[in-house]
Amino acid sequence: MMGKKTGEYDAKTGSLFPSLRLPEANDGELLYSWCARFHRLSGNQSARETSRQLFGNSTAGLRHDFYGCLDEFQRKTDSLLGSAEEIIHQRSLASFYFPFISHEAERKFRRIVLQGTGASARHLLKLSRSGLSAPPLKSCPDCIHEDLKEHPISWWRTRQQWPTSFVCHIHHCPLMVCETETRRSALADWYLPDLDSKLSRKNYRIGQNKAIELLLRLEQWVVTLATTSSTRYESNLLRHTYLLQARKLGWLSPDGSVRLMKLRDAFFEQHAPLLSEPTFSFIHDTLENHFGFLGLLLRQYPGQRHPLRHFLLMAFLFSEPSDFLRSYREVIHQMDAGGQDALNNQLGETYSHLRTLVKNAGYSVTSAAKILDISVKQATRHLESQKIEFKRRPRIVGTYTEKQLIEMLKRGESRRQIIQTLGIRASFIKDYLAKEPELKKSWEDIHFLRKRDEFRDQFLKTLAAFPTMPIRQLKRIPGNGFQWLYNNDRNWLKLHLPAIWNK
Ligand SMILES: [Zn+2]
């Protein structure tokens, strides 16, 4: 809560409205909304007159996203709605955009809205080119119902005006968009949300539960990143953060270039439920050759993109805002420590690791590729292009792997187990045994005994599970072991099945 909430506005400070009772400001209410309620009480005929009364300027208050002349407003209302700073953060849309602009731009922005008329605020945030420049007024029909149960009028919530808000986070229903008249980039009148027909309105076309879920999650991301973290998001650092995460998800080539086709397909599949709402038509553009906004955010294009697009991509790539923040801060740290080169090297580091492993540490291309989780083909192609000599197959004889192989053979482990554990080829085991006949004999003997014990065990378990089942049906149960025992261990089988043996 801020300031005093209501009051007989006496003329102690020589204010404008000595006899007028000022309305109480609701928590999270847009400043424009409070002004609109004041306008009704004032009985003023003209919207501009009210703006002049409150702001000393005929349009400053009607610029409902950022305003202007806020210093004057604060003086005229004796800080009834809190400090100008509190108004900027809680009753305008500025805090939504601040994380994406520089401190320098923020300083200019403050001058424009505190002392200026606010006319160039949108331009400063470079919103005019994004196609989302004049934000509509939005409200939730269920919130309006609840307001009207207790009060004669409803009010506009700041949070519902964010460009990422499409669904009410309390009632989980699509927001209603009011089609308001504008004059020279300010609203033409003081509108308030209602359900009668004074304002023409449409609902966001968000039908599917899947879409509502996506949008509620998106809004939650904005709550965390735009209003509770003081971090600034810079396009170039964001791009690196996205690319590093894309690598974790398998969407980055070893040379550091992004696999946009795969990433786009996954993104499109997840966000297809949003396409019924025209605001999201830009998602459709990702199907073009240039990959739409995904191409713009992930490739090295200069320019500032709308926060809505950044938030969509962040929420797609990262499971939690905290994961994103951790990665982003690491990227800032890298940039501070080693500059742009360090960031570029980090993205292409798989190939530099490959070169080090093969050239300096004597790894075969096969083992190096396995370590780095890339294909042998990719690794080979890169080493050839760099004219680095390499061995294709890992050397085994004389290494620790050979010791492990001998131990596993002595224990009678299966070929399959050995191949899986040591990552060597079946043909290598075959050749190795051919050269070591004694080892081969002992491996075969122990392997036979291990196998026999396994089959005996399986067979007894099957018998115990189906004590009355005839043997011809028992033989059909997968893994029953009968056939192997019949071929290799018939005497034991006779001993355990005397009753049916002669059937
Ligand atoms: Zn609601």
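Structure shown above.
Computed from a predicted model, the values in this text were never measured in an experiment.

Asks: I'm lost on the coordination of the zinc ion in this one. Help?
Replies: The expected angle between donors at a tetrahedral four-coordinate metal is 109.5 degrees. At an octahedral six-coordinate metal it is 90 or 180 degrees. Around the zinc ion, the donor atoms from the protein are C140 (SG), C143 (SG), C168 (SG) and H171 (ND1), and they sit 2.1 to 2.3 Å away. What the four donor atoms of the zinc ion show is an angle range of 107 to 112° at the metal, which sorts the shape as tetrahedral.

Asks: Before we go on, may I ask you to explain the packing of helix α20 (residues 400–410) against helix α22 (residues 426–435) in this structure?
Replies: How two helices pack is summed up by the angle between their axes together with the distance between the axes. For the pair α20 and α22, interaxial distance at closest approach is 12 Å and the crossing angle is 75°. When the axis of α20 is compared with that of α22, the two are roughly perpendicular. In this structure, α20 uses E402, L405, I406 and L409 to contact α22, whose residues at the interface are F428, I429, Y432 and L433. When its residues are assigned to classes, the contact of α20 with α22 shows seven nonpolar, no polar and one charged.

Asks: I'm lost on the packing of aromatic side chains in this one. Help?
Replies: Aromatic ring pairs: the centre-centre distance and the angle between the two ring planes describe each pair. The tally for this structure, following the rule as stated, stands at 30 aromatic pairs. Ring centres of F267 and F316 lie 5.1 Å apart, and the angle between their planes is 85°; on these two criteria the pair is classed as edge-to-face. Here the residue F267 occupies a position in helix α12 (residues 260–271), and F316 occupies one in helix α15 (residues 307–317), the gap between them amounting to 49 residues. Using a relative accessible area of 0% as the deciding quantity, one classes F267 as buried. Measuring from ring centre to ring centre gives 4.8 Å for F455 and W484, while their planes differ by 20°; the resulting arrangement is stacked. Taken together, the residues F455 in helix α23 (residues 437–465) and W484 in helix α25 (residues 482–488) connect sequence positions 29 residues apart. The ring of F166 carries the charged tip of K138 above its face, separated from the ring centre by 5.6 Å. In this structure, R490 packs its charged tip against the face of Y486, placed 4.2 Å from the ring centre.

Asks: What am I meant to see in the environment of C173 here?
Replies: Relative to the elements of secondary structure, C173 occurs in the loop between α9 (158–161) and β4 (176–179). Note on C173: relative accessible area 15%, which makes it buried. Separated by 152 residues in sequence, C173 and R21 place their C-alpha atoms 35 Å apart.

Asks: Even after reading the chapter, I still don't get the environment of F109, so can you show me in this structure?
Replies: Considering the arrangement of structural elements, one finds F109 in helix α6 (residues 103–114). For the pair F109 and F98, spaced 11 residues apart in sequence, the C-alpha to C-alpha distance is 9.5 Å. Aside from chain neighbours lying at most four places away, what touches F109 is F66, A94, F98, A121, L124 and L125.

Asks: Explain the side chain of S33 to me, please; I cannot follow it from the model alone.
Replies: Positionally, S33 belongs in helix α1 (residues 31–42). Taking the relative accessible area as the measure of exposure, S33 reaches 0% and is therefore buried. Of the polar contacts made by the side chain of S33, one reaches the side chain of E29; its length is 2.6 Å. If near-sequence neighbours (up to four positions away) are discounted, S33 is found in contact with W155, W156 and L192.

Reading the values: the criteria
- Residues numbered from 1 in each chain as written.
- Predicted model: local features only at pLDDT ≥ 70, side-chain atom pairs only at ≥ 80, totals over all residues.
- Heavy atoms only, no water.
- Donors = N, O, S within 2.8 Å, 3.2 Å for Na, K, Ca; no water.
- Tetrahedral: all angles 85-135°; square planar, octahedral: opposite > 155°, others 65-115°.
- Axes fitted to C-alpha atoms, helices over the stretch in contact; angles between N-to-C directions.
- Helix = DSSP H or I, 4+ residues; strand = E, 2+ residues; numbered from the N terminus.
- Parallel < 35°, antiparallel > 145°, perpendicular 65-115°, else oblique.
- Contact = heavy atoms within 4.5 Å.
- Nonpolar A, V, L, I, M, F, W, Y, C, P; charged D, E, K, R; others polar.
- Phe/Tyr/Trp six-rings, centres within 6.5 Å; stacked < 30°, edge-to-face > 60°.
- Buried < 20%, exposed > 50% of the residue type's maximum accessible area, 1.4 Å probe, protein only.
- Lys NZ or Arg CZ within 6 Å of the ring centre and 35° of its normal.
- Polar contact = N/O pair within 3.5 Å; in protein donor to acceptor, adjacent residues only side chain to side chain.

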